[in-house]
Amino acid sequence: MFLERLEISYFRNLTSVSLDLATGLNFFHGANGAGKTAILEAAHFLARGRSFRSHQTRTLIAHGADALTVRGVLVDALGGHQTIAISKSPDGHTDLRVNGESERRLSEAARRIPLQ
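Residues numbered from 1 in each chain as written. Predicted model: local features only at pLDDT ≥ 70, side-chain atom pairs only at ≥ 80, totals over all residues. Heavy atoms only, no water.

A separate point is the overall build of the protein chain. Along the backbone of the protein chain there are 3 helices and 6 strands. Whereas a compact globule of 116 residues would reach a radius of gyration of roughly 13 Å, the protein chain reaches 14 Å, a difference of no more than 12%. For the protein chain, the spread of C-alpha atoms along the principal axes amounts to about 40 × 35 × 25 Å. With 116 residues in all, the protein chain has 38% of them scored as buried. Sequence separation of 24 or more characterises 47% of the internal contacts of the protein chain that already satisfy a separation of 6 or more. Accessible area for the protein chain stands at about 7100 Å²; split by element, carbon and sulfur atoms hold 50% of it. Taking the average location of the 14 positive side-chain charges in the protein chain and that of its 11 negative ones, the two points are 6 Å from each other. (Helix = DSSP H or I, 4+ residues; strand = E, 2+ residues; numbered from the N terminus. Rg over C-alpha atoms; globule rule 2.2 N^0.38 Å. Buried < 20%, exposed > 50% of the residue type's maximum accessible area, 1.4 Å probe, protein only. Contact = heavy atoms within 4.5 Å. Areas by Shrake-Rupley, 256 points an atom, 1.4 Å probe, with all protein chains shown as cover. Lys, Arg positive; Asp, Glu negative; His and termini not counted. Charge placed at Lys NZ, Arg CZ, Asp CG, Glu CD.)

Moving on, we get to the pairing of strand β2 (residues 14-20). Sheet topology places strand β1 (residues 2-11) next to β2; 6 bridges connect them, and they run antiparallel. Bridging across to β2, Phe11 finds its partner in Leu14. (Pairing = 2+ DSSP bridges.)

So, about a nonpolar patch on the surface. Taken together, the side chains of Phe28, Leu40 and Phe52 make up a nonpolar region of the molecular surface, amounting to roughly 280 Å² of accessible area. On the accessibility criterion, Leu40 (48% relative accessible area) is partly exposed. (Patch = residues over 30% accessible without salt bridge, like charges linked within 9 Å, V, L, I, M, F, W, Y side chains within 5 Å. Salt bridge = Lys/Arg side-chain N within 4 Å of Asp/Glu carboxyl O.)

The subject of this paragraph is the sheet that holds strand β6 (residues 101-103). Overall, antiparallel pairing links the 6 strands, which are arranged β2-β1-β3-β4-β5-β6 in an open sheet. Of all strands in the sheet, those bounded by a partner on one side alone are β2 and β6. Ignoring strand direction, the axes of neighbouring strands in this sheet form an average angle of 20°. As paired elements, strand β4 (residues 81-88) and strand β5 (residues 94-98) share 5 bridges and run antiparallel to each other. Each bridged residue has a counterpart across the sheet, and for Ala85 the counterpart in β5 is Arg97. Here helix α1 (residues 36-48) sits on the sheet and contacts β1, β2, β3 (68-75) and β4; the angle it forms with β1, its principal contact strand, is near 105°. (Axes fitted to C-alpha atoms, helices over the stretch in contact; angles between N-to-C directions.)

Written out as structure tokens, the structure is:
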């Protein structure tokens, strides 16, 4: 399974970003502070439900936003598509949706998006 598309809303300095990803390597380049690390952090957040940089939810949500959302479109070995979306509010409430259905276990995202 690979991540075909990544959509990021109000995650750190990324207000609204949509990326179509290749099956092989993807390179991100840009000036300091452009959001390269935030893209990687958002992908990690989608797979694990937490940041690799901070345990404080408020620091992940863009200034002035009510919540952040990261959505991914996954493609399996047979070419089937699945969607996973995770939202987090400043109070720490997490909403995970798999193919539009609410999912209570964050481990379901980790199961679908293997990450090292």
